[in-house]
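Fold and geometry: a report
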Amino acid sequence: ETGVTQSPTHLIKTRGQQVTLRCSSQSGHNTVSWYQQALGQGPQFIFQYYREEENGRGNFPPRFSGLQFPNYSSELNVNALELDDSALYLCASSLAPGQGTDTQYFGPGTRLTVL
Amino acid sequence: DQQVKQNSPSLSVQEGRISILNCDYTNSMFDYFLWYKKYPAEGPTFLISISSIKDKNEDGRFTVFLNKSAKHLSLHIVPSQPGDSAVYFCAAKAYSGAGSYQLTFGKGTKLSVIP
């Protein structure tokens, strides 16, 4: 059974550019959640995807968007990058959309630096 | 408005002694609580969880206590080992609409276990 994987590991972009981050969920998991972790903070919920549809969103602007594919892998897209978007982006997969005792399992993250 | 608070940014404990990490929350809609451990350059790793209908859950050296009336939970690690040195995040789960449950994290407590 493979765990959650993310790519790339590190990324450097400049202000105004667009970025795509990728996540492969753990085997058997159909739900993917994305989090942003700024330095010194806890992870902050961006959105969740279940069966290829967005299934809940945190307090992030529309320039943060995502996709989920039939194999349950997912992408996070960020347009018009700002300096404050510099953070560790974490992907987590789970068996179902967080019902009851379902647990989210995290990938290693992608470190995004915006210059 | 921080709904999950970990008021101690850091904690140092001697090897073999008890480590107690604390977490307070404000949202009474939270119905499930989790602790994650995070090493540098890795994603958070699930450690232990507790449902709001229980007041204690134990797994080996790790015990989580929940005091609903005080909106407080704590993680006890006994005995503490040097390999437990990491950042510990408290997280709480609540229904966020449209069939989605969302995790809200605290800022984390850095535990250092001194040999």
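The notes below deal with the structure included here. Predicted model, so just to flag it, every value in this text is computed and none were measured.

Rules of the game
- Residues numbered from 1 in each chain as written.
- Chains lettered and ligands numbered in written order.
- Predicted model: local features only at pLDDT ≥ 70, side-chain atom pairs only at ≥ 80, totals over all residues.
- Heavy atoms only, no water.
- Helix = DSSP H or I, 4+ residues; strand = E, 2+ residues; numbered from the N terminus.
- Contact = heavy atoms within 4.5 Å.
- Buried area = accessible area lost by both parts, 1.4 Å probe.
- Salt bridge = Lys/Arg side-chain N within 4 Å of Asp/Glu carboxyl O.
- Polar contact = N/O pair within 3.5 Å; in protein donor to acceptor, adjacent residues only side chain to side chain.
- Nonpolar A, V, L, I, M, F, W, Y, C, P; charged D, E, K, R; others polar.
- Buried < 20%, exposed > 50% of the residue type's maximum accessible area, 1.4 Å probe, protein only.
- Pairing = 2+ DSSP bridges.

1. A closer look at the environment of Cys91 of chain A
- By secondary structure assignment, the location of Cys91 of chain A is in strand E9 (residues 87–94).
- Setting aside its immediate chain neighbours within four residues, Cys91 of chain A contacts Val4, Gln6, Cys23, Val32, Ser33, Trp34, Tyr105, Phe106 and Gly107 of chain A.

2. Observations concerning the interface of chain A and chain B
- In this assembly, 25 residues from chain A lie in contact with 19 residues from chain B.
- Of the roughly 1700 Å² buried where chain A meets chain B, counting both sides, 54% is carbon and sulfur surface.
- When the area that chain A buries against chain B is broken down by residue, the three leading residues are Pro43, Phe45 and Phe106 of chain A, summing to 23%.
- If you look at where chain A meets chain B, you find 0 salt bridges.
- Across the contact surface, chain A and chain B share 1 residue pair in polar contact (both at pLDDT 80 or more).
- Mapped onto the side of chain A that touches chain B, the elements with two or more residues apiece are strand E4 (31–37), strand E5 (44–50), strand E6 (53–57), E9 and strand E10 (105–106) of chain A.
- Per element, the largest residue contribution to the side of chain A that touches chain B is 3 residues, and it comes from E6 of chain A.
- Here the residues of the side of chain A that touches chain B are counted per class, giving 9 nonpolar, 14 polar and 2 charged.

3. Here we look at the pattern of salt bridges
Residues and elements named next belong to chain A.
- This model, assessed by the stated rule, comprises 6 salt bridges over all chains.
- Linking Arg22 and Glu75 is a salt bridge whose minimum nitrogen-to-oxygen distance equals 3.5 Å. Of this pair, Arg22 sits in strand E3 (residues 19–24) while Glu75 is found in strand E8 (residues 74–78), placing the two residues 53 residues apart along the sequence.
- For Arg22, a relative accessible area of 44% corresponds to the partly exposed category.

4. Quick word on the sheet that holds strand E8 (residues 72–77) of chain B
Residues and elements named next belong to chain B.
- Read from one edge of the open sheet, 5 strands run E1-E3-E8-E7-E6, paired in antiparallel fashion. Since the sheet does not close on itself, it has two edges, and those belong to strand E1 (4–5) and strand E6 (56–59), each with one partner.
- Pairing analysis gives 2 bridges linking E1 to strand E3 (residues 19–25), with the strands arranged antiparallel. Of the residues in E3, the one forming a bridge with Val4 is Tyr25.

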